[in-house]
Amino acid sequence: MESRVNKETRMPIDFKELVTSRLGENYDLHERHINTTLVKVQRTIGFDKIYASAQGAYLYDMDGKDYLDFLSGYSVYNIGRNHPAVKKAITEVLELDLPNMVQMDCSLLSGLLAEALVKKMPAHLDAIFFCNSGTESIEGAIKFAKAATGRPGFISLEGAFHGLSNGSLSMMGIENFREGFAPFLPDCARIELGNLEKLEQLLATKQYAGFLVELVQGKGVKTAKDDFFNKAQELCKKHGTLFICDEVQTGLGRTGKMFAFEHWNLEPDIVTLAKSLSGGYVPCGAIVMRREIHQKTFSHMDRCVVHSSTFGRNNLAMACGLATLNVIDEEGLVENAAKMGALLMERLNGLKAKHPFLKEVRGKGLMIAIEFSEPSELKLKMAWQLIHKMDKSLFTQMIVTSLLSQHRILAQVAGHNMDVVKILPPLVIGEKEVDRFVTAFDAVLTECKRFPGPMWELGKNFFKSSLGFGNKAAAAAKK
């Protein structure tokens with residue numbers, strides 16, 4: 001009785017007061033209780049900003065200054081941050097007091113979202129499994145493919161990023177993320193993008209359940225420049241291997257098509273989705289496949305829940321997915337991604353003649369990579385070589401840090417040991433945001449031509465800080 005009385009009299013948390021009173025403690029709290037190393041990195045590179053609010057393509061700090069978000073939470077915010085339509089959907093679902101996650105039922109909202117997603121897909125993709133994240137969608141796809149084919153192995157591409165859980169890491173084509181986490185799933189092979197000969201050699205063994213591809217790789221924004229994917233799909237059909245498209249980052253309009261596989265008119269057997277399906281509010285992932293593949297897993301009545309996800313079909317995630325798909329259609333975001341992406345690449349390519357570091361601008365839609373290379377001018381060549389002896393990613397880190405500190409634009413280094421900056425703007429951007437980014441980028445590259453100068457000093461300071469942190473970590477490990 002005493003416990004019940006206490007619960008009834010206790011006041012609920014006042015979240016507005018809690019956030020208002022403690023905003024600014026963010027990095028101290030994370031340093032004490034979450035990821036100390038990440039906090040150190042963010043403070044070193046000047047990314048330790050305190051964002052107080054967000055809307056559309058912008059973040060706002062405690063002083064109300066705007067920051068142009070060209071990272072989009074790694075492509076979570078295709079429809080922009082805090083979209084009112086998704087917020088409204090969540091509010092209305094909460095007000096309905098619907099039964100949620102009964103588990104031994106079939107919820108309405110998950111059925112409606114499945115129906116809406118199937119309408120976006122080619123006719124042969126008509127079965128859906130809902131989960132929570134991109135890496136979980138890959139794990140599920142692995143199981144579905146094994147059950148459908150009876151085969152143990154998988155093929156993926158060098159440079160691929162498919163998630164950070166064990167099965168996803170087994171498909172990973174980037175060694176930095178795999179280091180220290182072996183052993184991985186057996187019977188996994190990787191090939192170079194474009195190597196059809198090696199692919200056919202592997203497929204001919206009849207050991208591989210699936211060939212898993214990012215059609216535009218997240219790390220480095222690389223893709224096939226010819227008909228590699230079309231020929232790979234034909235080879236998969238010939239040898240009974242499923243063709244699986246990882247659309248976790250590329251899906252839902254990012255590349256200027258609803259799905260990246262549409263650029264090649266492909267017919268994948270399985271498609272994985274997540275990130276922007278959430279609307280940026282509640283995690284939501286999906287695996288879309290041929291009905292016969294789905295049915296091979298749930299093959300008998302006693303196997304109806306042989307693969308499951310506790311939160312996968314929760315009402316809030318389903319509502320977010322439905323609202324997000326509606327926003328993409330109503331606001332013409334796929335078309336806008338194609339239009340603004342083309343404009344961005346045109347404007348950025350126009351800077352090549354002016355800036356000796358600028359090598360290539362590539363991408364599809366609003367998934368864009370800006371690659372740098374060693375300049376020919378002797379003084380700048382020496383600067384380039386010096387900074388790369390320290391760390392192969394320092395130059396690009398100088399660029400993104402300067403974009404943030406001097407121009408309040410958030411971007412990212414595309415991957416380990418890459419001279420590539422990657423931008424993933426929300427699909428809601430217009431010419432104003434394009435102009436702001438290009439103008440800022442031009443200014444940062446102009447500053448790079450001054451050697452010695454503040455930009456190069458910044459790079460050296462990054463290197464010194466990383467050495468200092470490494471020495472402290474090593475000393476701590478010995479204690």
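Residues numbered from 1 in each chain as written. Predicted model: local features only at pLDDT ≥ 70, side-chain atom pairs only at ≥ 80, totals over all residues. Heavy atoms only, no water.

Asks: Honestly, the sheet that holds strand β2 (residues 58–61) in this entry has me stumped. Any pointers?
Replies: To summarise the sheet geometry, strands pair through backbone hydrogen bonds and adopt either a parallel or an antiparallel arrangement. The sheet built from four strands is open, its strands ordered β1-β2-β3-β13 with mixed pairing. The two strands at the open ends of the sheet, each matched to only one other strand, are β1 (51–55) and β13 (409–410). Note that β2 and strand β3 (residues 66–69) share three bridges and pair antiparallel. When the sheet's bridge partners are listed, L59 is paired in β3 with Y67. In this fold helix α18 (residues 431–448) packs onto β2, β3 and β13, with an angle of close to 95° to the strand it touches most, β3. (Pairing = 2+ DSSP bridges. Helix = DSSP H or I, 4+ residues; strand = E, 2+ residues; numbered from the N terminus. Contact = heavy atoms within 4.5 Å. Axes fitted to C-alpha atoms, helices over the stretch in contact; angles between N-to-C directions.)

Asks: Please clarify how the state of the cysteines should be interpreted in this entry.
Replies: Two cysteines, two sulfur atoms, one covalent bond between them: this is a disulfide. Counted according to the given criterion, the structure contains zero disulfides. The thiol of C245 is unpaired, and the distance to the nearest cysteine sulfur, on C236, comes to 9.7 Å. A relative accessible area of 0% means that C245 is categorised as buried. (Disulfide = S-S within 2.5 Å. Buried < 20%, exposed > 50% of the residue type's maximum accessible area, 1.4 Å probe, protein only.)

Asks: Even after reading the chapter, I still don't get helix α2 (residues 15–22), so can you show me in this structure?
Replies: It helps to recall that an α-helix has 3.6 residues per turn; residues three or four apart then point in one direction. The opening residue of α2, the one whose side-chain oxygen lies 3.3 Å from the backbone nitrogen of K16, is D14. Directly after α2, the chain includes G24, whose backbone phi takes a positive value near 115°. (Polar contact = N/O pair within 3.5 Å; in protein donor to acceptor, adjacent residues only side chain to side chain.)

Asks: Please clarify how the side chain of S168 should be interpreted in this entry.
Replies: In this fold, S168 is placed in helix α9 (residues 166–170). Beyond its immediate chain neighbours, meaning those up to four positions away, S168 contacts T135, I138, E139, I142, H162 and G163.

Asks: What am I meant to see in the packing of aromatic side chains here?
Replies: Counting across every chain of the model gives 16 aromatic pairs. Between the aromatic rings of F259 and F261, the centroid separation amounts to 5.5 Å while the plane-to-plane angle is 5°, which identifies the pairing as stacked. Like F261, F259 is buried. When the centroid spacing of 5.1 Å and the interplanar angle of 55° are considered together, the rings of W384 and F395 count as tilted. Of this pair, W384 sits in helix α16 (residues 378–390) while F395 sits in helix α17 (residues 394–407), and the two are 11 residues apart along the sequence. Just as W384 is buried, F395 falls in that class too. (Phe/Tyr/Trp six-rings, centres within 6.5 Å; stacked < 30°, edge-to-face > 60°.)

Asks: Explain the packing of helix α15 (residues 333–349) against α18 here, please?
Replies: Packed helices, taken two at a time, are described by the angle their axes make and the gap between the axes. Taken N-terminus to C-terminus, the directions of α15 and α18 make an angle of 25°; their axes are 10 Å apart at the nearest point. As far as their axial angle goes, α18 and α15 are roughly parallel. Viewed along their axes, α15 and α18 form a crossing whose handedness is right-handed. Judged by residue contacts, M340, L343, L344, R347 and L348 of α15 engage E431, V434, D435, F437, V438 and F441 from α18. (Parallel < 35°, antiparallel > 145°, perpendicular 65-115°, else oblique. Left-handed = near helix turned anticlockwise from the far one by under 90°.)

Asks: Hey, could you run me through the confidence of the model for the protein in this one?
Replies: Detail in the predicted coordinates should be disregarded across regions flagged by low pLDDT. For the protein, mean pLDDT is 93; residues scoring 70 or higher make up 95% of the total. Of the regions scoring below 50 in pLDDT, residues 473–479 engages in zero contacts with residues more than four places distant in sequence or in other chains. (pLDDT = per-residue confidence, 0-100.)

Asks: What should I look at first to understand the environment of Q412 in this one?
Replies: Considering the arrangement of structural elements, one finds Q412 in strand β14 (residues 412–413). By relative accessible area, Q412 is classed as buried at 11%. For the pair Q412 and I128, spaced 284 residues apart in the sequence, the C-alpha separation amounts to 33 Å. Excluding anything up to four places from it in sequence, Q412 contacts L71, Y74, V400, V420, V421, K422 and L424.

Asks: I keep staring at the sheet that holds β14 and nothing clicks. Help me out?
Replies: One open sheet holds the four strands; their spatial order is β11-β12-β15-β14, and the pairing between them is antiparallel. At either margin of the open sheet sits one strand with a lone partner, and together these are β11 (358–364) and β14. Strand direction decides the pairing type here: β11 and strand β12 (residues 367–372), joined by six bridges, are antiparallel. Counterpart to G363 in the pairing with β12 is I368. Packing against the sheet, α15 makes contact with β11, β12 and β15 (420–423), and its axis sits at approximately 175° to β11. Each of β11, β12 and β15 touches α18; the most contacted strand, β12, lies at about 15° to it.

Asks: What is the right way to read helix α11 (residues 196–203) from this model?
Replies: Listed in full, the buried residues belonging to α11 are L199, L202 and L203. Burial along α11 is one-sided: seen end-on, the buried residues are contained in an arc of 95°. If you follow the buried residues of α11, they end up packed against β5 (153–157), β6 (188–191), β7 (208–213) and α12 (228–239). (Arc of directions from axis to C-beta.)

Asks: Which parts of the structure should I look at to understand a nonpolar patch on the surface?
Replies: On the surface, I13, F15, L18 and V19 cluster together into a nonpolar patch covering about 400 Å² of accessible area. Examined against the element boundaries, L18 turns out to sit in helix α2. (Patch = residues over 30% accessible without salt bridge, like charges linked within 9 Å, V, L, I, M, F, W, Y side chains within 5 Å. Areas by Shrake-Rupley, 256 points an atom, 1.4 Å probe, with all protein chains shown as cover. Salt bridge = Lys/Arg side-chain N within 4 Å of Asp/Glu carboxyl O.)

Asks: Explain the environment of K225 here, please?
Replies: In this structure, K225 sits in the loop between β7 and α12. Residue classification places K225 among the exposed residues on the basis of a relative accessible area of 79%. Spatially, the C-alpha atoms of K225 and G194 are 8.6 Å apart, while their sequence positions differ by 31 residues.

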